[in-house]
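# Chains, contacts and geometry: an overview
Here is what each chain is made of, one letter per residue.
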Amino acid sequence: MNFFWDLLLGGLTRGSIYALIALGYTMVYGILQLINFAHGEIYMLGAFTALIVASILTMQGLTGLPVLILAGLVAVLYASAYGFTVEKIAYKPLRQASRLSPLISAIGMSIFLQNYVMLAQTSDFLPFPNLLPPSDFLDAISVWIGPSDFVIIVTSAVVMIALSLLLKFTKMGRAMRATAQDREMAMLTGVDVNRIISRTFIIGSALAAIGGILIASHVGRINFYIGFNAGIKAFTAAVLGGIGSIPGAMLGGLVLGLAESFGTGYISSDYESVFAFAILILILIFKPDGILGRSSQQKV
Amino acid sequence: MKFFPELKKSFVIALWFMLLTFPVLVIRVNTIENIVVWRWINLAVIGSAAFVLSFLWQLYWRRKSAAAPVSVAQTSALTRRMSDPKFYRPFLIVIAALTLVFPFVASHYQINIMTTALIYVMLGLGLNIEVGLAGLLDLGYVAFYAVGAYSYALLNYHFGLGFWTLLPVGALLAAFFGILVGFPVLRLRGDYLAIVTLAFAEILRLVLENWNAFSFGPSGISNIPRPGFFGIDLTLEQSAVYMYFLLVALCVLTIFVIHRIQHSRIGRAWVALREDELACQAMGIDKTRAKLAAFALGATWAGMAGVLFAAKTTFINPASFTFLESAMILAIVVLGGMGSIVGVIIAALAIILLPEYLRVLGDYRMILFGAALILMMIFRPRGLITPAGKTYEFRCSGKPAAPEKRLP
């Protein structure tokens, strides 16, 4: 039972992170029908920025909550700025091109950003400081759940609820949903589509950065290559839930995380990613549009 | 001042990039010794580079928008040249002569690079069947390549079979794997297909990496024999030349086969499938068969290329078959212009040879490669050569009907 509980928790923690990154994929896909391969790199940049800011603040003698909040804030801001810039450089000039051209330029951007961080920083793993301030509450529940697991699950849940509310009730959210449904029609009703696309990238990148900080402080080390694996997994999660669907991305992330966790726990720890991909293939065979994807009837 | 608005905008952009790159480029923290290195010089470099580049960029767009709008259907000068027999016949002869002379004037190193590039020509042409002709976005093409390479290495290791026996066997096994992947994805559309093929490739790579008893794990298989030449022992230089000519021959075969298939019944079915799946079914084309054929045929060439790769490098391990490799091959197809044989060949040579000759740049090679991919897509989003599509004329009662509209 205890083993089961650990695996469940590990799966939920991992799944929440996948879900956070998958949201960025699915939002961009919903609006542009583009697989944004550079999204994983935004997540990595978020983690790196947080590491740099946190290290400097720690050297200045600061500790605890202020470091966490400042580093997190700066990282989210920078990741958003990177997301915004990436869209302007690599995708905006290709709005009219065929579907594959932005995909290649996204792969190019991903290679570029990885090597940019590798050259500017280092290709080694860097230790990531544990930013969680000690608190009585976290100590008290640590019998049940690890402090960083708790923080990851709660933070992701809060962020995801906030995003759902934003999309559902604000004017911007409405414009985003309209653009995702039909870009041209949204343009005709007065939605500034370019601005909506930029904001989608900004929000998606911010979510990825939050995921990056959470996982980096959980795992304790980062390098320039972490974005690739996380990106592929998150993309898998987005497709699993039905790409373009926001609740689908959240559910897909959790399913993927749990599949990996239980697979490694009960079967073999060498084949962690194999479980994730196998479950993807299995689900898509039976539900070709993902778990929550709308089955789109093809029309002439 | 004439350029004042552009200069102002460039200035803002330069500031933006200086701000953006500040933490990663300027600060370097050494967490072990607790020191921070500030590299202010990078900031100045980025600022001035962003200023100049964005200024040039704006000038380019201003000139482009001032020029007459180019219609999308218009083919580029390169494309028109390539379809003009007066131009391409002598061109072909020159290319053929150069290909034959090349190994006798080039160094061992250059022959090896060229052989690698030719392997990628085969891979590009094979993936072109799936992506370019049939419109099936395959992000895991490298899996078929791996199947070919591993079937040569493993069957040779266990049963001592030779290169010439295993070349068709590797191709067949890859084709079989292609059908295996093809079956579950038949119902999937566009990007779902992309991720499932990617998933298959990753599963295969992970299995190869972890199943030590079967594939010897990450350490790979070494001492794979080079192809034999009528039982004569070849020196290293000679076998490189032999390998080169072998690949030239196989590439010519590939080009011939694909050119013939392209305008055959199944080739036209693929193009129809790419353009409109539903209309294609309504015309009575068997969608399942066409898709599986595309997967199987595409995989066949990858399998052959895999066998050749294993024979050329004499060592393989799972690290050669990562997603980056699939992405490279896909980049070759897209850059070549989706369905154009000449385009794919030029793109394969460019994408493989450029990074090789950029080796002098050392660590900056890959970052430039990434930037080059983005730039190529921005400036030529439809690829180097846009295939014009063959026009078919239907004659009834001796009177020529109006020629069919060209495929976009």
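Residues numbered from 1 in each chain as written. Chains lettered and ligands numbered in written order. Predicted model: local features only at pLDDT ≥ 70, side-chain atom pairs only at ≥ 80, totals over all residues. Heavy atoms only, no water.

This brings us to the overall build of chain A. Within chain A, the secondary structure is distributed over 12 helices and 2 strands. Mapped from its N terminus to its C terminus, chain A presents α and β elements in the order α-α-α-α-β-α-α-α-α-α-β-α-α-α. Projected onto the principal axes, the alpha-carbon positions of chain A cover approximately 60 × 45 × 40 Å. When burial is assessed residue by residue, chain A has 58% of its 300 residues classed as buried. The contacts in chain A between residues at least 6 apart in sequence include a share of 78% that link residues at least 24 apart. Only carbon and sulfur atoms are counted for the fraction: they give 65% of the accessible area of chain A, which is about 12,500 Å². (Helix = DSSP H or I, 4+ residues; strand = E, 2+ residues; numbered from the N terminus. Buried < 20%, exposed > 50% of the residue type's maximum accessible area, 1.4 Å probe, protein only. Contact = heavy atoms within 4.5 Å. Areas by Shrake-Rupley, 256 points an atom, 1.4 Å probe, with all protein chains shown as cover.)

So, on to the interface of chain B and chain A. In this complex, chain B contributes 60 residues to the contact, which on the side of chain A involves 62 residues. Carbon and sulfur atoms make up 77% of the area that chain B and chain A hide from each other, which totals about 5,500 Å². Considering only the side of chain B, the residues that lose the most area to chain A are Val24, Asp191 and Tyr192 of chain B, jointly responsible for 12% of the buried surface there. If you look at where chain B meets chain A, you find 0 salt bridges. Where chain B touches chain A, the interface holds 8 residue pairs in polar contact (both at pLDDT 80 or more). Among the elements of the structure, helix 1 (4-26), strand 1 (27-30), strand 2 (35-38), helix 8 (190-210), helix 12 (277-282), helix 14 (323-336) and helix 16 (364-379) of chain B are those that each provide at least two residues to the side of chain B that touches chain A. Take the side of chain B that touches chain A: its biggest share by element is 12 residues, from helix 8 of chain B. A per-class count over the side of chain B that touches chain A returns 46 nonpolar, 6 polar and 8 charged. (Buried area = accessible area lost by both parts, 1.4 Å probe. Salt bridge = Lys/Arg side-chain N within 4 Å of Asp/Glu carboxyl O. Polar contact = N/O pair within 3.5 Å; in protein donor to acceptor, adjacent residues only side chain to side chain. Nonpolar A, V, L, I, M, F, W, Y, C, P; charged D, E, K, R; others polar.)

The next subject is the layout of surface pockets. Considered as a void within the structure, the second largest pocket measures approximately 890 Å³ in volume. As for the second largest pocket, its lining consists of 34 residues, of which Tyr18, Ile226, Asn229, Ala230 and Glu272 of chain A are closest to the centre. Elements with a minimum of two residues in the lining of the second largest pocket: helix 1 (2-32), helix 9 (193-219), strand 2 (221-222), helix 10 (226-241) and helix 12 (272-286) of chain A together with helix 8 of chain B. A breakdown of the residues in the lining of the second largest pocket according to their chemical character gives 18 nonpolar, 8 polar and 8 charged. (1 Å grid on protein atoms, 1.4 Å probe; cavity = no way out; pocket = protein on both sides within 12 Å on 5 of 7 lines; lining within 4 Å. Points joined across faces, edges and corners; volume = space filled by probe spheres on them.)

The next point concerns the pattern of salt bridges. Residues and elements named next belong to chain B. Overall, the coordinates contain 9 salt bridges over all chains when judged by the stated rule. With a closest N to O distance of 3.1 Å, Arg205 and Glu202 form a salt bridge. You can see Arg205 and its partner Glu202 sitting in helix 8, 3 residues apart, about one turn around the helix. A residue is classified by how much of its surface remains accessible, and Glu202, at 7% relative accessible area, is buried. Among the ionic pairs, Glu277 bridges to Lys287, the shortest N-O distance being 3.0 Å.

Bringing helix 7 (residues 171-181) of chain A into the picture now. Residue and element names in this part refer to chain A. What helix 7 keeps buried is the set Gly173, Ala175, Met176 and Thr179. Buried residues of helix 7, viewed axially, fall in a sector of 160°; they line one side. Facing away from the buried side of helix 7 by more than 90 degrees, the exposed set consists of Lys171 and Gln181. As for helix 7, its buried residues are in contact with helix 1, helix 6 (147-169), helix 8 (183-188) and helix 9. (Arc of directions from axis to C-beta.)

In this section: unusual backbone geometry. Backbone geometry places Gln33 of chain A, a non-glycine residue, at a positive phi of 55°. Relative to the elements of secondary structure, Gln33 of chain A occurs in the loop between helix 1 and helix 2 (39-59). With a phi close to 60°, Thr314 of chain B is a non-glycine residue in the positive phi region. Looking at the element boundaries, Thr314 of chain B is found in the loop between helix 13 (287-313) and helix 14.

This paragraph deals with the packing of helix 1 of chain A against helix 11 (residues 246-266) of chain A. All names here are of chain A. Two elements in contact, helix 1 and helix 11, have axes whose closest approach is 6 Å; the angle formed by their N-to-C orientations is 145°. For the pair helix 1 and helix 11, the sense of crossing is right-handed. Of the residues that constitute the contact of helix 1 with helix 11, the class distribution is 18 nonpolar, 9 polar and 2 charged. (Axes fitted to C-alpha atoms, helices over the stretch in contact; angles between N-to-C directions. Left-handed = near helix turned anticlockwise from the far one by under 90°.)

Next up on the list: the pairing of strand 1 of chain B. Every other side chain in a regular strand lies on the same face of the sheet, so the side chains alternate between the two faces. Residue and element names in this part refer to chain B. Taking every second residue as pointing to the same face, the buried face of strand 1 carries Ile27 and Val29, while none of Arg28 and Asn30 on the other face is buried. Sheet topology places strand 1 next to strand 2; 4 bridges connect them, and they run antiparallel. In the strand pairing of strand 2, Asn30 is matched with Ile35. (Pairing = 2+ DSSP bridges.)

All names here are of chain A. A contiguous patch of positive charge, built from Lys168, Lys171, Arg174 and Arg177, is present on the exposed surface. With 3 residues, the top contributor of residues to the positive patch is helix 7. You can see Lys168 is positioned in helix 6. (Patch = residues over 30% accessible without salt bridge, like charges linked within 9 Å, V, L, I, M, F, W, Y side chains within 5 Å. Lys, Arg positive; Asp, Glu negative; His and termini not counted. Charge placed at Lys NZ, Arg CZ, Asp CG, Glu CD.)

Residues and elements named next belong to chain A. Within the secondary structure, Thr13 is located in helix 1. Here Asp149 takes part through its side chain, which lies 2.7 Å from a polar atom of the side chain of Thr13. In contact with Thr13, not counting residues within four places along its chain, are Asp149, Ile152, Ile153 and His218.

Low-pLDDT stretches of the model should not have their predicted coordinates read in fine detail. All names here are of chain B. Chain-level statistics for chain B give a pLDDT mean of 81 and a share of 87% at 70 or above. The secondary structure element of chain B with the lowest average pLDDT is strand 4 (residues 399-400), at 47, and the one with the highest is helix 13, at 91. Counted against residues more than four places away or in other chains, residues 398-405, with its pLDDT under 50, gives 8 contacts. (pLDDT = per-residue confidence, 0-100.)

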